[in-house]
Every structure is written in C-alpha cells, then in structure tokens.
Amino acid sequence: MKCEDVSKELIPYLDRRASSADRHEVEEHLAACVACRTRAEELRTLWSVLDEVPIVEPSFGFDARMRARIAEEPRPRWYRWFVPQPRLAMAMALLLAVSVWITRLPQDNSGLVGTAQSEQQQFQVIKNLDVLENYDVLSKFDALDEVPADEQAAPEPDQQNNQQQQQQQQE
Amino acid sequence: MLDVKAGDDASFDLLLQKYRTPLVNFLYRMVRDTATAEDLAQEVFLRVYRARKQYSPSAKFTTWLFRIATNLALNSVRDNRHHQKDVSIDAASSPDEDAVPMQLPAPEMRIDEHMIERDRADYIRKVISELPEKQRVAVLLHKYEEMDYAEIARILECSESALKSLLFRAYETLRVQLAPLVNARASRREGSPS
C-alpha cells in the first residue's frame, strides 16, 4: 500500500471502523513509513483537541417554545372525513353529470322488437311441433343440408309437392 | 417516529428530548450562534412534525433529521455569511458575549484558566467553521455525532469512498490549522509521567 492509498483508509483505521483486511494493510504501511505514522499520531491528537469543544445545552425555554409552536399547527378534525376534497368533489360532479346525460338519451326500441320476433318464432315452433316430432320428416330435412344455399332458398316444384303430400298424409 | 406518525404527541416529546441537544450542538457548530442554532433546531423539529405522515421507515430517522438540519444550516450560513464573527485566540474574550453559550467553569478551575479554555474552544469552532461546507458537515457528523460512514454519505448524498477522502482532507486541514494546539497537547502528553 502506498502513502496516497493509506490516506483514504487512515481515518477508518483511526476510528476503528476499518475492515480487518484494510486495518492489516494500514498497519503494515505505518510500520514501514515514518511520515504516515507521524501523521496518524497527529490526527489522533487532533481528535482529542477537537474534544475540547464543550457540549452546548439548549436554553431552558427551548421545549416550551417548541410545544407552543407545535400547538399552533393545524390539527386534523374528525369531520374532515366528511368534507369532500376538491378533486374528489369534481370527479363526483362529473360522474353525476354523465349519468344524467346518459339517462336522457333517446331510448332504442330494437330490444322490444327483438323480443316480439322471438316470441313469434317460438309460437311457430309450437304450431309445427307435430311435424318436428315426426322422425321421418326430420330425416328427410337432413338431406337438404347437402343442397347448396341458393337451391335451399328456392325449393324445386317436386320437393314442394312431396312436402304437401306428406302434410296431407299426416292430416 | 412511527408512533408520532400515528398521531401520538407524547412520542414527539420523546423525540424532542432525545435529539434536541445533539441537534442544537450540531447547528451551533455550523452557525456559531446559539440563538440562530436554537431557532434552526426548532424549525427542524417543526418540519419533522409537519412531515410526520410522509415518514417512511426505510431511512433511519437520524439520517432524515440531520439532512433537514444540514440543509437549513447551510442556507442560514450562506444568508448570514457577512455576519460571521472572527474570534481570535489572542483576544481576551469574545466581542459579543451573547453569541457564546454560557459555559460554567469547573469549581476547581481558576477564572483565567476558564477564559483560556473558552478561547481555545472558540478557536477550534472557528477553524472548523472555515472548512468548506461539505467537509464541515462531514467532520461534525463523524466526530461529534459519531455517525457511521453509510449514514453520513446518505446525508451528504455521496459515496462512502468519496466521504472517506472528504474526511481525510478535512482532518488534514484541521491538523495544519490547529497545529499549535495539537503540538502543545502532544508535548504535554510526552512530558507527563505515564
């Protein structure tokens, strides 16, 4: 360890806070270097000189003045919980305004129409329940899945005749 | 401090009793005026009280306390630099008696011995106060508050390695400036029977 390296570790060495490895290195250097050893001794003496500065006690009125200043500080009140904060109040007002605006929008009746349509479809299903319960009829409907969509949309005259015949037989 | 944060005023009283003396001493050594030091100490405690709700136990309370004190003291020193008083070791007494805290002499001490001791203490304070700001804070926290390096480094917002260099430079300056006192003490030690 060189003299300039010791300088950084000298204070922790003198106040006994250096690590054991650093302490060992500093001790080795001090044993070999007279200048650094003298400096270390003088720094030790300096610290005892610095201890000559006496401790100052705060004045007698220090605590009383401090308590008086603390007492002047605004205290939190129990009703502060109920006093809305400005940001919160603004957010609540905005939320209320948006709610009122939404409730005043013109109502869309598509939901009611949809409900009526579904009821009508259910009625048709109940009306054709006999047909649907007939397995023979249903098995013939399965063959229609293989027909392209265009042809399904416009049934051929033969198929219409067959369906009419089946209905007559059922009746 | 956590009790103070929870609103316990009795705990704040305990903090006050525990830290007022080290805080006033630190501030007095920074500003070299008792009235200013006490005003600043009160300001530090008031700021602690006001910020108690934001206190986080992640940092040591003393680190927080002395960081506030350091900032206030440095601001005060910068504001009142032209009011700094020079104290000479040769002077019979301080030019402004009010600026020096009352130090009662020990009963066995003669009055002239007491005056010499007071002058020596004033001279040491003056030499410390002439250190650059950061070095001064480092020495006061290291020597008089006996804080560890990590805590001082946090207060000064520097690395521990930088702090060690800073302290070495500061103590070297003091060693040179206080050489007469250091040598006198060394001679006394050598002369005294062991």
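Analysis parameters
The written sequence of each chain sets the order in which its residues are numbered from 1. Whichever chain is written first becomes A and whichever ligand is written first becomes 1, with later ones labelled in order. Residues qualify for local features only when their pLDDT is at least 70, as the model is predicted, and side-chain atom pairs are given and counted only at 80 or more; totals for whole chains, interfaces and linings, by contrast, use all residues. With hydrogens and water set aside, each side-chain value is computed from the structure's full complement of heavy atoms. Where helices and strands are cited, they refer to DSSP runs of H or I of at least four residues and of E of at least two residues respectively, numbered from the N terminus. Exposure categories follow from relative accessible area, calculated using a 1.4 Å probe and restricted to protein chains: below 20% of the type maximum is buried, above 50% is exposed, and the middle band is partly exposed. Residues count as neighbours in contact if any of their non-hydrogen atoms are within 4.5 Å of one another. Note on areas: these come from Shrake-Rupley sampling with a 1.4 Å probe, and a residue is covered only by the protein chains present in the view. Buried area, as used here, totals the accessible surface that two parts lose on assembly, with accessibility defined by a 1.4 Å probe and the loss added over both. When a carboxyl oxygen of Asp or Glu lies within 4 Å of a side-chain nitrogen of Lys or Arg, that pair is called a salt bridge. Here a polar contact means two N or O atoms within 3.5 Å. Within protein one must be a hydrogen donor candidate and the other an acceptor candidate, and residues neighboring in sequence count only if both atoms are side-chain atoms. Amino acids are sorted into nonpolar (Ala, Val, Leu, Ile, Met, Phe, Trp, Tyr, Cys and Pro), charged (Asp, Glu, Lys and Arg) and polar (every other residue, Gly among them). Ring geometry is summarised as follows: Phe, Tyr and Trp rings, the Trp one being its six-membered ring, pair when their centres sit within 6.5 Å, and such pairs are stacked at plane angles under 30 degrees, edge-to-face over 60 and tilted between the two. Here an angle of 0 to 180 degrees is reported between the N-to-C directions of two axes, which are lines fitted to C-alpha atoms, with helices fitted over the stretch in contact. Oblique is the label for any angle not under 35 degrees, not over 145, and not in the 65 to 115 range, which are roughly parallel, roughly antiparallel and roughly perpendicular in turn. For every residue, the predictor assigns a confidence score, pLDDT, that lies between 0 and 100.

Caption draft 1: Geometry of the overall build of chain B. Across its full length, chain B carries nine helices and zero strands. Along chain B, from the amino end to the carboxyl end, the secondary structure elements read α-α-α-α-α-α-α-α-α. Out of the 194 residues in chain B, the part that is buried amounts to 50%. For chain B, contacts bridging at least 24 residues in sequence account for 67% of all contacts bridging at least 6. In the form shown here, chain B has an accessible surface area of approximately 9700 Å², with 51% of it arising from carbon and sulfur atoms.

Caption draft 2: The arrangement of the interface of chain A and chain B in detail. On the chain B side, the residues contacting the 35 residues of chain A number 51 residues. Buried surface at the junction of chain A and chain B, summed over both partners, amounts to about 4200 Å²; 58% is from carbon and sulfur atoms. Here chain A is connected to chain B by eleven salt bridges. Notably, a salt bridge pairs Arg69(A) with Glu43(B), separated by 3.3 Å at the nearest N-O pair. In this structure, the connection of chain A to chain B is made through 17 residue pairs in polar contact (both at pLDDT 80 or more). Broken down by secondary-structure element, the contributors of at least two residues to the side of chain A that touches chain B are α1 (3–14), α3 (34–50) and α4 (62–72) of chain A. Broken down by element, the side of chain A that touches chain B gets its largest block of residues, nine residues, from α3(A). By residue class, the composition of the side of chain A that touches chain B is 16 nonpolar, four polar and 15 charged.

Caption draft 3: Structural context of the packing of aromatic side chains. Applying the stated criterion across every chain, the model contains seven aromatic pairs over all chains. With 6.5 Å between their ring centres and 70° between their planes, Phe62(A) and Phe45(B) make a pair best called edge-to-face. Placement of Phe62(A) in helix α4 and of Phe45(B) in helix α3 (residues 34–50) is noted, with the two residues assigned to different chains. Here Phe62(A) and Phe45(B) have matching classes, each one buried. A centroid spacing of 6.4 Å and a plane angle of 85° characterise the contact between Phe12(B) and Phe45(B), whose relative ring orientation is edge-to-face. With Phe12(B) in helix α2 (residues 9–31) and Phe45(B) in helix α3, the pair connects residues that are 33 residues apart, well separated along the chain. The class of Phe45(B) is buried, set by a relative accessible area of 1%.

Caption draft 4: Highlighting unusual backbone geometry. Backbone geometry at Arg16(A) places phi at a positive 60°, although glycine is not the residue there. Within the secondary structure, Arg16(A) sits in the loop between α1 and α2 (20–32). In this structure, Arg32(B) takes a positive phi of about 60° despite not being glycine. Tracing the chain through its elements places Arg32(B) in the loop between α2 and α3.

Caption draft 5: Structural context of the packing of α3(A) against helix α8 (residues 160–177) of chain B. Running from N to C, α3(A) and α8(B) cross one another at 80°; their axes reach a closest spacing of 10 Å. Relative to α8(B), the element α3(A) is oriented roughly perpendicular. Only Phe168(B), Tyr171(B), Glu172(B), Leu174(B) and Arg175(B) of α8(B) make contact with α3(A), whose side of the interface consists of Arg39(A), Glu42(A), Leu43(A), Leu46(A), Trp47(A) and Leu50(A).

Caption draft 6: Geometry of the pattern of salt bridges. What the rule picks out here adds up to 19 salt bridges over all chains. The salt bridge partner of Arg65(A) is Glu38(B), with a shortest N-O separation of 2.7 Å. Highlighted residues: Arg65(A) in helix α4 and Glu38(B) in helix α3, drawn from two different chains. You can call Arg65(A) partly exposed: its relative accessible area is 34%. The exposure class assigned to Glu38(B) is buried, which follows from its relative accessible area of 9%.

Caption draft 7: Region of the structure containing the confidence of the model for chain B. Residues and elements named next belong to chain B. On average, residues of chain B carry a pLDDT of 82, and 78% of them reach 70 or more. Between the elements of chain B, mean pLDDT differs from a low of 62, seen in helix α1 (residues 2–5), to a high of 95, seen in helix α6 (residues 133–144). Counted against residues more than four places away or in other chains, residues 86–98, with its pLDDT under 50, gives 19 contacts. Interface confidence in the predicted complex, given as ipTM, is 0.77; pTM for the same model is 0.65.

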